[in-house]
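Letter by letter, the chains look like this.
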Amino acid sequence: MLYLDQGSIKLEEKQVVFGLPREVSFKGVEDYVDRALQNINLKVVYRPAYIEGREKSRVNIDGIWFSSGVLSLNLEEVERVFPYIITCGQGFDEMSASLEMLERYYLDVIANTMLRLGQERLREIIREKYKLEKTSRMNPGSLQDWPLEQQKQLFKLLGEEEIMCNLQVRLTDSYLMLPQKSVAGIIYPTEFSFESCQLCNRENCPQRRAPFDENKWKQYYSYC
Ligand code: SF4
């Protein structure tokens, strides 16, 4: 398990504002950032795991099948992947629950930004440790092709007890994680950058990380 050194993650105002809908102005960003960071304790579990089987619409990682044509295509040339769960911790949820709606919304944006930056930091750590040139990540629930229910497979892969013991994160019957500010996913080596947003045509998404790519969408979904 890895405690991410939050000091190594530089949270800049523009990164926070990036997560807000365009029409929302964000006054006093620094105060909100201070309050959020005092209550965020980024922690992560991850480990290397190996591809044991591959079919068109599913892939087997260390004996566990993951149902996703997009994931299967992305892992076509890959032998080793890095499943992970990252969380802001229980403290943030408790603090956020006591706030009024607008404040809670602002702090949510900051926590989401920290989760995104934490995942970027984890990719850097994995690249350095395993001497990889480039990595991408996929998260269950970001595409219809890989629904949220598949988080259960990631919990199995990483060990529910290990996750509870080290992160105090659990999965509810509706496949949501508690604490809420937690993300599960798979990091994998690749020669080509991939973002789920490239296959998602949702309009005005404030979290979009890449434009919708119609050609890529056709390429992936003709395969799946
Ligand atoms: S555009 Fe938004 S909803 Fe679609 S995958 Fe990206 S972050 Fe998720």
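Notes on the structure in this doc start here.

### Topic: the side chain of Thr135
Along the polypeptide, Thr135 turns up in strand β7 (residues 135–138). Thr135 gets classed as buried once you look at its relative accessible area, which sits at 3%. In terms of polar contacts, Thr135 uses its side chain to reach the side chain of Arg127, at 3.3 Å. Apart from residues no more than four positions distant in its own chain, Thr135 is found in contact with Arg123, Arg127, Ile187, Tyr188, Pro189 and Thr190.

### Re the nonpolar core
Counting residues in hydrophobic clusters, the biggest one holds 32 residues, and the most contacted among them are Ile61, Phe66, Leu75, Val81 and Ile85. Mapped by element, the contributors of at least two residues to this core are β3 (49–55), β4 (58–61), β5 (64–67), α3 (69–74), β6 (80–87), α6 (151–158), α7 (160–167) and β10 (182–189). Considering every element that reaches this core, the biggest residue donor is α6, with four residues. Ignoring sequence-local partners within four residues, the contact set of Ile61 consists of Ala49, Tyr50, Ile51, Phe66, Leu75, Val81, Leu157 and Ile186.

### As for the packing of helix α4 (residues 90–97) against helix α5 (residues 101–129)
When two helices pack together, their arrangement is given by the angle between their axes and by how far apart the axes lie. Axis separation between α4 and α5 bottoms out at 10 Å; the angle between their running directions is 160°. The angle between α4 and α5 places the two elements in the roughly antiparallel class. In terms of crossing hand, the pair formed by α4 and α5 is right-handed. Counted together, Phe92, Met95, Ser96 and Ala97 of α4 and Arg104, Leu107, Asp108 and Ala111 of α5 form the full contact between these two elements. Of the residues contributing to the contact of α4 with α5, the split by class is five nonpolar, one polar and two charged.

### Topic: the packing of aromatic side chains
Scanning the model with the defined rule gives six aromatic pairs in all. On the numbers, 6.1 Å between centres and 45° between planes, the contact of Tyr105 with Tyr106 is tilted. Taking relative accessible area as the criterion, Tyr105 reaches 32% and is therefore assigned partly exposed. Here Tyr106 falls in the buried class, since its relative accessible area comes to 9%. Taken together, a centroid distance of 5.5 Å and an interplanar angle of 45° make the contact between Phe194 and Tyr220 tilted. A residue pair is termed long-range when its members are at least 10 positions apart, and Phe194 in the loop between β10 and α8 (214–223) and Tyr220 in helix α8 qualify at 26 residues. We classify Phe194 as buried; its relative accessible area is 3%. For Tyr220, a relative accessible area of 6% corresponds to the buried category. Taken together, Tyr32, Tyr105 and Tyr106 form an aromatic cluster joined through their ring pairs.

Each value, and the rule that gives it
Residues numbered from 1 in each chain as written. Predicted model: local features only at pLDDT ≥ 70, side-chain atom pairs only at ≥ 80, totals over all residues. Heavy atoms only, no water. Helix = DSSP H or I, 4+ residues; strand = E, 2+ residues; numbered from the N terminus. Buried < 20%, exposed > 50% of the residue type's maximum accessible area, 1.4 Å probe, protein only. Polar contact = N/O pair within 3.5 Å; in protein donor to acceptor, adjacent residues only side chain to side chain. Contact = heavy atoms within 4.5 Å. Core = buried A, V, L, I, M, F, W, Y, C linked by side-chain atoms within 4.5 Å. Axes fitted to C-alpha atoms, helices over the stretch in contact; angles between N-to-C directions. Parallel < 35°, antiparallel > 145°, perpendicular 65-115°, else oblique. Left-handed = near helix turned anticlockwise from the far one by under 90°. Nonpolar A, V, L, I, M, F, W, Y, C, P; charged D, E, K, R; others polar. Phe/Tyr/Trp six-rings, centres within 6.5 Å; stacked < 30°, edge-to-face > 60°.

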